[in-house]
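# Working through the structure, step by step
Here is what each chain is made of, one letter per residue.
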Amino acid sequence: FWVVPAVEVKIEVVIPEKDRSKEEMSPNGKTSPLIYKVNGTARHYHLEEHPIASNPYHNTKDVVEASVCHVKDLENGQMREVDLASGKALLIKENGEFHAMGHKCPHYGAPLVKGVLSKGRVRCPWHGACFNIGTGDIEDFPGLDSLPRFQVKIEKEKVYIRASKQALQTQRRTKVMAKCISLSNYNLSSTNVLIIGAGAAGLVCAETLRQEGFSDRIVMCTMDRHLPYDRPKLSKSMDSHPEQITLRPKEFFCAYDIEVLTEMQVAAVDIKSKIAVFKDGFKMEYNKLLIATGNMPKTLSCKGKEIENVFNIRTPEDANRVVKLATSKNVVIVGASFLGMEVAAYLTERAHSVSLVELEHVPFKKFFGERVGRTVMKMFENNRVKFYMQTEVSELREQEGKLKEVVLKSGKVLRADVCVVGVGAVPATGFLKQSGINIDSKGFIVVNKMMQTNIPGVFAAGDAVTFPLALRNNKKVNVPHWQMAHMHGRIAALNMLAHGTEISTVPYLWTAMFGKSIRYAGHGEGFDDVVIQGDLDELKFVAFYTKSDEVVAVASMNYDPIVSKVAEVLAAGRTIRKQTPLFFLSFRTGDMSWLTGKGS
């Protein structure tokens, strides 16, 4: 049985007064329309009304309360998952104060108790999202939602949690957002904020504007057929349908008056008149502009590149089609990129054979280094993937119009029913060449720390930009990561509202293959040494990437939460060096607490 001591800590859900009074309907009395492309013409239409669920926390019948622990059971800097009848909460003690909030990361459900607690926030052990322990608000990404926060009270010597059943079950909270004041009065061809691109950067920008109280018109436009979706899943979970990976449902966009133009491509931007010209001739005037068009995949230049069943993975339909065609067939993947390797891993259990063609002699050599690259390569070979390294495709051959063979420059001929091309990408910025917006020699949009271009009122974010990375002494870099695109969108939105916020986040990414994940934080470009601890053969290791003795990035497999710990150190502006005695001692003892302590 459980003996309950005498001092008491109570946790109950706190609802800000402004949250309780928020209405679910738009100020104009109806759900806002989305704009969709239909038969070549942009038009308004209203979705069926499915209002966002009302705030669950003010319903007293929904409350559950349970005793969880003694006040002295937690030391400063400790976290604990505590059980209630309807779910779990995360109890935290820092600087002598207790905090409580949801226990699962809203992104992919990682247990935050296994994450990193540092300076008032918890960092997810899987993908690096950060949550403020006082408010539950998301402060770094990926993911869109914050965590429900529960009030902590100390009474006598018992610890209780009092929480909403619904909050315990959903483990997520959408921040309070404004709505458009008079959407019905707007001209179709004029908007206050125009967002070109509906990926993570564009969506986070729109949501941040609403969270900050912006109540004017917001229009997003995308070449895609779909509302914003979880793009990393195109190569990690290839048979996911669009509705399964949508980041927000249709009703969300209606409820918060975020309009979306789908299958609409911007052909030019006139910065003097502040007008975006679409490919079909439609024009839209804007006040503030965000360009978040991302990248376009490179294609093969060899003979036969137009043959049927040769794919770039750009949309859910592409991924679904590849899975269907690859089942029990021969697949050739060109390029040992993240996309190429993830697709290879996903198809091995479905295809008859998977072959991978790569110009380098080791996968990921430039990113993870040769030793980690060889370890990953061996893992793939153990799963029936055949590598053809240091060669290229010279020809694609067809039979009756469909792919039959892939011919390599080495002379090898591979049987192939399906070919997936993953040889990199280029920024989708060709439409800006005559705009006056500063583009570098590689086609990337150049922005400052506030995601501003050289043109007032024009911002850019995501994979298509270079920006000053604080971690690397403000060197202009391109970081095409999902997490970074989220943060770019948030910074751009805040500076559209003249907050003067500069970006300082630490890059964080992950890749998933054969049920294993490699996590990575920092920016290792130009590393000159790799310090590896653990066992590469056992697929349990951590690799520190150094440049001139300073750790600039870290990667790990089965070593959580080391990457999140290092990310917190780097985010605090501290330096890890190879000579640091604790750097080596920590791996011999397993004690990594120094990483989030004081000092350098």
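Refer to the structure presented above.
What comes next is a walk through the structure. Here the structure is a predicted model, which is why all the values come from computation and not from measurement.

### With respect to the sheet that holds strand 22 (residues 310–312)
- Here five strands make up an open sheet; going across it, the order is 22-29-23-24-25 and the pairing parallel. One side of each edge strand has no neighbouring strand; the edge strands of this open sheet are strand 22 and strand 25 (385–389). Direction aside, neighbouring strands of the sheet carry axes that sit 20 degrees apart on average.
- Summarising the sheet, strand 22 and strand 29 (residues 418–421) pair through three bridges and their orientation is parallel. The residue bridging phenylalanine 311 from the neighbouring strand is valine 420, located in strand 29.
- Where helix 8 (residues 338–347) meets the sheet, it contacts strand 23 (330–334), strand 24 (353–358), strand 25 and strand 29, and its direction lies at approximately 165 degrees from that of strand 24.

### Points about the environment of leucine 347
- Tracing the backbone through its elements, the reader meets leucine 347 in helix 8.
- Leucine 347 sits in the buried class, given a relative accessible area of 0%.
- Along the sequence, leucine 347 and valine 322 sit 25 residues apart, while their C-alpha atoms lie 9.1 Å from each other.
- In contact with leucine 347, other than residues within four places in its own chain, are Met238, Val322, Val323, Ala326, Val331 and Val354.

### Digging into empty space enclosed by the protein
- All told, the structure shown has two cavities of 30 Å³ or more when counted by the stated rule.
- If you add up the space inside the largest cavity, you get close to 80 Å³.
- Surrounding the largest cavity, Ile138, Phe141, Leu144, Lys175, Val204, Glu207, Thr208, Gln211 and Arg490 form its lining.
- When residues of the lining of the largest cavity are assigned to their parent elements, the largest contribution, four residues, is made by helix 3 (residues 200–211).
- Grouping the constituent residues of the lining of the largest cavity by class yields four nonpolar, two polar and three charged.
- In this structure, the lining of the largest cavity is formed jointly by two domains, domain 1 (63–170) and domain 2 (190–296 + 428–497), each of which donates at least three residues.

### Details of the sheet that holds strand 39 (residues 550–557)
- Taken together, five strands build an open sheet; the order of strands is 35-36-39-38-37 and the sheet is antiparallel. Every interior strand has two partners, whereas the edge strands, strand 35 (508–513) and strand 37 (529–535), have only one. Taken pair by pair, the neighbouring strands of this sheet meet at an average axis angle of 15 degrees, ignoring direction.

Reading guide: rules and limits
Residues numbered from 1 in each chain as written. Predicted model: local features only at pLDDT ≥ 70, side-chain atom pairs only at ≥ 80, totals over all residues. Heavy atoms only, no water. Pairing = 2+ DSSP bridges. Helix = DSSP H or I, 4+ residues; strand = E, 2+ residues; numbered from the N terminus. Axes fitted to C-alpha atoms, helices over the stretch in contact; angles between N-to-C directions. Contact = heavy atoms within 4.5 Å. Buried < 20%, exposed > 50% of the residue type's maximum accessible area, 1.4 Å probe, protein only. 1 Å grid on protein atoms, 1.4 Å probe; cavity = no way out; pocket = protein on both sides within 12 Å on 5 of 7 lines; lining within 4 Å. Points joined across faces, edges and corners; volume = space filled by probe spheres on them. Nonpolar A, V, L, I, M, F, W, Y, C, P; charged D, E, K, R; others polar. Domains from an automatic or database assignment.

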